[in-house]
Amino acid sequence: MPSLTVPQAPRYVPAPPTKENLQYADLAIIDLSKTATAEGRAELAVQLREALTTHGFCYIINHGYTQTQNERMFDIADIPMSGVPEDEKRAYTGDSKNTGIFQGYKPRQYWHIDAGVRDQQEHYNCNRHVYSLMHPQALRPFLSDIDVFVRHNHHNILHKICRLMALSLELPEDTFVKLHDFDAPGVSYLRFMKYFPRSEEDEVQTKNVWMKGHTDIGSITLLWSQPVTALQIQTKEGWRWVKHIENALLMNIGDSMEFLTGGFYKGTIHRVVQPPIDQRGYTRLSIIYFSFLNDDVKLVPLMDSPVLQRVGVERRCEDDVAPTMNDWRVARISAYGASDLQKGKEAGIEEEVLNGIVVKHYN
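Computed from a prediction, not measured in an experiment: that's the story for all the values here.

**A look at the pattern of salt bridges**
(1) Moving on: Using the criterion set out here, one finds 19 salt bridges in the structure.
(2) Moving on: Among the salt bridges present, the one from Arg11 reaches Asp75, with a minimum N-O distance of 2.7 Å. Of the two residues, Arg11 is situated in the segment before β1 (29-31) and Asp75 in helix α2 (residues 67-82); the sequence distance between them amounts to 64 residues.
(3) Moving on: Exposure remark for Asp75: the relative accessible area of 10% places this residue in the buried category.
(4) Moving on: Put simply, Lys34 and Glu43 hold a salt bridge, and the shortest N to O gap is 3.0 Å.

What follows is the structure in structure tokens.
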């Protein structure tokens, strides 16, 4: 008979919220509990469209996880970083530069950031089919928690957002749900990520940038809010900090949704920088669910949308040469932190060309 005892994870104690007076982005808050009714979904679809055409980021609340469940997941998220020996980590290290897939560990100093400085972030990436691959010994007692959490993110949060996005484009509600089929070939995955403080020399060399400005590769990213303030988004007024909201998550769209909407919804440029002075010295632990379209989805505008027909679209390439989700993912992931970026025409922008499409990095 299986044990009914819930395994206890070592307690992860996060940093206290910053007290610094920062310029925060004014982001919309989407109350997911309103999706229970057609009227609520219609209201939220308008709110989401406004949020995504203004900043491209918004908060999600009432997503179905309690604060206690949230804290337990952050305890579990730290286990791959703090509870696994280095030699065992090496056995589960991925090879994203050659495979185009994030799976297992990404060790610190894997990517080049700037001026010879390499990154200080460690990842543990877990495919949405949690039991399909082996995991480090310390994490195995918690796989059922992780599996439930992944499925909750996909079915109870992502799919609800997909329905709102379809309504916002006047498409059938299940349009984007079908393109995010949990069981279809694809690589939506969960990431536990930990940033470690850097040396003062590294901070000077990189101008305090921990991860250059970029857009996400996939369709919709779900970032569970945590208190170390380091995320910034690019707005019309310049870079703005993203404020922590207890037991909320942040949602933003990536490249592939920009392709499908013909630029109506654009992937927002965001970066990670050194935290404010009262949070320096702390690690920054994150939980992110990166969703991707089914591998075979061709990244062309959904011209059945009456909205796109009215406003027009901006194609990043011609439809006949547009990549599939799989093609775009492999190209972007393989190149990240490994390719030689070229100086762009605009100040502070570096570029690379992938599948004939220009990808910008904002330094």
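What follows continues from the structure just given.
**Quick word on the nonpolar core**
(1) Moving on: Ranked by size, the top nonpolar core spans 89 residues in total, and within it Ile146, Met165, Phe176, Ile220 and Met251 carry the most contacts.
(2) Moving on: Considering each element in turn, this core owes the most residues, 11 residues, to helix α5 (residues 143-168).
(3) Moving on: With residues up to four places along the chain from it excluded, the contact list for Met251 reads Leu48, Leu52, Gly56, Phe57, Cys58, Ile60, Ile161, Met165, Ile220, Thr221 and Leu222.

**A word on the environment of Thr99**
(1) Moving on: In this structure, Thr99 sits in helix α4 (residues 96-99).
(2) Moving on: By relative accessible area, Thr99 is classed as partly exposed at 40%.

**Some details on the packing of aromatic side chains**
(1) Moving on: Applying the stated rule across the entire model yields 11 aromatic pairs.
(2) Moving on: Both rings, one in Tyr65 and one in Phe149, keep their centres 5.4 Å apart while their planes meet at 65°; by these two values the pair is edge-to-face. Taken together, the residues span a long stretch of sequence, with Tyr65 in the loop between β2 (57-61) and α2 and Phe149 in helix α5 at a distance of 84 residues. Here the two residues Tyr65 and Phe149 agree in accessibility, since each one is buried.
(3) Moving on: Between Phe259 and Trp328 the ring centres are 5.3 Å apart and the planes differ by 80°, which places this aromatic pair in the edge-to-face class. Highlighted residues: Phe259 in helix α8 (residues 255-260) and Trp328 in helix α10 (residues 325-335), separated in sequence by 69 residues.

Rules of the game
- Residues numbered from 1 in each chain as written.
- Predicted model: local features only at pLDDT ≥ 70, side-chain atom pairs only at ≥ 80, totals over all residues.
- Heavy atoms only, no water.
- Salt bridge = Lys/Arg side-chain N within 4 Å of Asp/Glu carboxyl O.
- Helix = DSSP H or I, 4+ residues; strand = E, 2+ residues; numbered from the N terminus.
- Buried < 20%, exposed > 50% of the residue type's maximum accessible area, 1.4 Å probe, protein only.
- Core = buried A, V, L, I, M, F, W, Y, C linked by side-chain atoms within 4.5 Å.
- Contact = heavy atoms within 4.5 Å.
- Phe/Tyr/Trp six-rings, centres within 6.5 Å; stacked < 30°, edge-to-face > 60°.

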